[in-house]
Amino acid sequence: MRIRIAPSILNADFGRLADQVRLLEQGGADALHLDIMDGHFVPNLTFGPPVVAALRQATNLPFDVHLMVQQPDNLLESFAAAGSSSITVHAEACPHLHRTIEAVKALGLEAGVALNPATPLSAVEYVLDRVDLVLVMTVNPGWGGQGFIPGMFGKIKTLRSMIDASGQRTALQVDGGIYLANVGAVVAAGVDYLVIGSALFKSGDPVEALEEYRQLIGQDCHDHCGGHR
């Protein structure tokens, strides 16, 4: 399976957002990762459904919406109507996680569950048969440009084993602190889906940077991925 890359627009130039999104689409991005922050669940505040709806007019890329919010159930319908393709909620914000996942799927969208660095994998153990992806946060969410937490490599590898043992086709997504210097090790840990943000937009040419990642991932995947792809 080809490893997917979803650029996160958290560090994009919002004054030229539509143009940058079009460039990423032309450059071969697989999806667009949209970080929705409410200033409560995480300290930062980003944007809501109107921005997502406006971007929907600018690109055909799938929208991978990541809700870093309290009470995500209240926002599912509005983000679905804005053009989301998938919605990922945080296990920490969902006291009735199975119900929330089913609500996302009832809207015709793919459903994902995100885990903060300190949240154990047991939080998703009993919903692996219902989710389309599990997102391992490899930084503490809220801000772009942070460093990858080294202890998350073990968590990624354990989740890879859990998914493989379950027989499900759940995608393993990783978000936070992914750079050219460590992407090979992240891929080797067993990921299917990379979210890359500040490393693309701070490079000066996001499309060229995306191609660099593609080339490096291709080499490392050939060397390390083994049979679980």
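Quantities reported herein were computed from a predicted structural model and do not represent experimental measurements.

**As for a negative patch on the surface**
Together, Asp205, Glu208, Glu211 and Glu212 line one region of the surface with negative charge. Along the chain, glutamate 212 falls in helix α8 (residues 206-224). Owing to a relative accessible area of 38%, glutamate 212 belongs among the partly exposed residues under this scheme.

**Considering the confidence of the model for the protein**
Regions with low pLDDT should not have their predicted coordinates read in detail. Here the protein shows a mean pLDDT of 93. Residues at 70 or above account for 95%. Note on residues 219-229: pLDDT under 50 across the span, and 19 contacts to partners over four residues away in sequence or across chains.

**Looking at the pairing of strand β8 (residues 193-196)**
Burial along β8 is two-sided: the residues Tyr193 and Val195 and Leu194 and Ile196 are all buried. The pairing of strand β1 (residues 4-7) with β8 spans four bridges and is classified as parallel. Bridging from a neighbouring strand, isoleucine 5 pairs with leucine 194 of β8. Note: strand β7 (residues 171-175) against β8, three bridges, orientation parallel. Directly across from aspartate 175, in β8, lies its bridge partner valine 195.

**A look at unusual backbone geometry**
We note that glutamine 71 has phi near 50 degrees; this positive angle belongs to a residue other than glycine. Mapping glutamine 71 onto the fold places it in the loop between β3 (63-68) and α3 (76-81).

**Focus: the nonpolar core**
With 63 residues, the main nonpolar core has Leu34 and Leu194 as its most contacted residues. Filtering out sequence-adjacent residues up to four positions away, leucine 34 remains in contact with Ile9, Phe47, Val52, Leu55, Phe63, Asp64, Val65 and His66. Among the nonpolar cores identified, the runner-up in size contains nine residues, and Ala114, Leu133, Leu135 and Tyr193 belong to it.

**What about the packing of aromatic side chains?**
Applying the stated criterion across every chain, the model contains two aromatic pairs. With 5.9 Å between their ring centres and 50 degrees between their planes, phenylalanine 14 and phenylalanine 47 make a pair best called tilted. Here phenylalanine 14, found in the loop between β1 and α1 (17-26), pairs with phenylalanine 47, found in the loop between β2 (32-37) and α2 (49-56); they are 33 residues apart in sequence, far enough to count as distant. With relative accessibility at 42%, the residue phenylalanine 14 sits in the partly exposed group. For the pair phenylalanine 148 and phenylalanine 153, a centre-to-centre distance of 4.7 Å together with 35 degrees between the ring planes defines the contact as tilted. Given a relative accessible area of 12%, phenylalanine 148 falls into the buried group. We classify phenylalanine 153 as partly exposed; its relative accessible area is 22%.

**Some words on the side chain of aspartate 175**
Relative to the helices and strands, aspartate 175 resides in strand β7. Notably, aspartate 175 is buried but unbridged: the nearest opposite-charge side chain belongs to lysine 155, and the N-O separation is 13 Å. A polar contact of 3.4 Å, which involves the side chain of aspartate 175, links it to the side chain of histidine 33. Ignoring sequence-local partners within four residues, the contact set of aspartate 175 consists of His33, Asp35, His66, Leu135, Val136, Met137, Thr138, Val139 and Val195.

**Some details on the environment of glycine 144**
Looking at the secondary structure, you find glycine 144 in the loop between β6 (133-137) and α5 (152-166). A relative accessible area of 34% places glycine 144 in the partly exposed class. When the C-alpha atoms of glycine 144 and glutamate 212 are compared, they prove to be 20 Å apart, with 68 residues separating the residues in sequence. When near neighbours in sequence (up to four residues on either side) are disregarded, glycine 144 contacts Leu10 and Asn11.

Conventions used here
- The residue count restarts for each chain, going from 1 along the sequence in the order it is written.
- Predicted model: local features are reported for residues with pLDDT of at least 70 only, side-chain atom pairs are reported and counted for 80 or more only, and whole-chain, interface and lining totals are derived from all residues.
- The side-chain quantities take in all heavy atoms of the structure and omit both hydrogens and water.
- In this analysis, a patch consists of residues with relative accessible area above 30% that form no salt bridge, clustered at 9 Å for like charges and at 5 Å for the nonpolar side chains Val, Leu, Ile, Met, Phe, Trp and Tyr.
- Throughout, the Shrake-Rupley method with a 1.4 Å probe supplies accessible areas, and for residues the shown protein chains are the sole cover considered.
- A carboxyl oxygen of Asp or Glu within 4 Å of a side-chain nitrogen of Lys or Arg is what we treat as a salt bridge.
- For the purpose of charge, His is not counted, nor are the chain termini; Lys and Arg are scored as positive and Asp and Glu as negative.
- Charge placement uses NZ in Lys and CZ in Arg. For Asp and Glu, CG and CD serve respectively.
- Helix numbering and strand numbering both begin at the N terminus, where a helix is a DSSP run of H or I of at least 4 residues and a strand a DSSP run of E of at least 2.
- Exposure categories follow from relative accessible area, calculated using a 1.4 Å probe and restricted to protein chains: below 20% of the type maximum is buried, above 50% is exposed, and the middle band is partly exposed.
- For every residue, the pLDDT score states the predictor's confidence, bounded by 0 at the bottom and 100 at the top.
- Any two residues whose heavy atoms approach within 4.5 Å are treated as being in contact.
- Two strands qualify as a pair provided DSSP detects at least 2 bridges between them.
- Only buried Ala, Val, Leu, Ile, Met, Phe, Trp, Tyr and Cys residues count toward a nonpolar core, and they belong to the same one when joined by side-chain atoms within 4.5 Å.
- Within 6.5 Å between ring centres, the rings of Phe, Tyr and Trp (the latter by its six-membered ring) count as paired, and their orientation is classed by plane angle as stacked under 30 degrees, edge-to-face over 60, tilted in between.
- As used in this structure description, the phrase polar contact means that two N or O atoms lie within 3.5 Å; if the pair is within protein, one of them must be able to donate a hydrogen and the other to accept it, and residues adjacent in sequence are counted only when both atoms belong to side chains.

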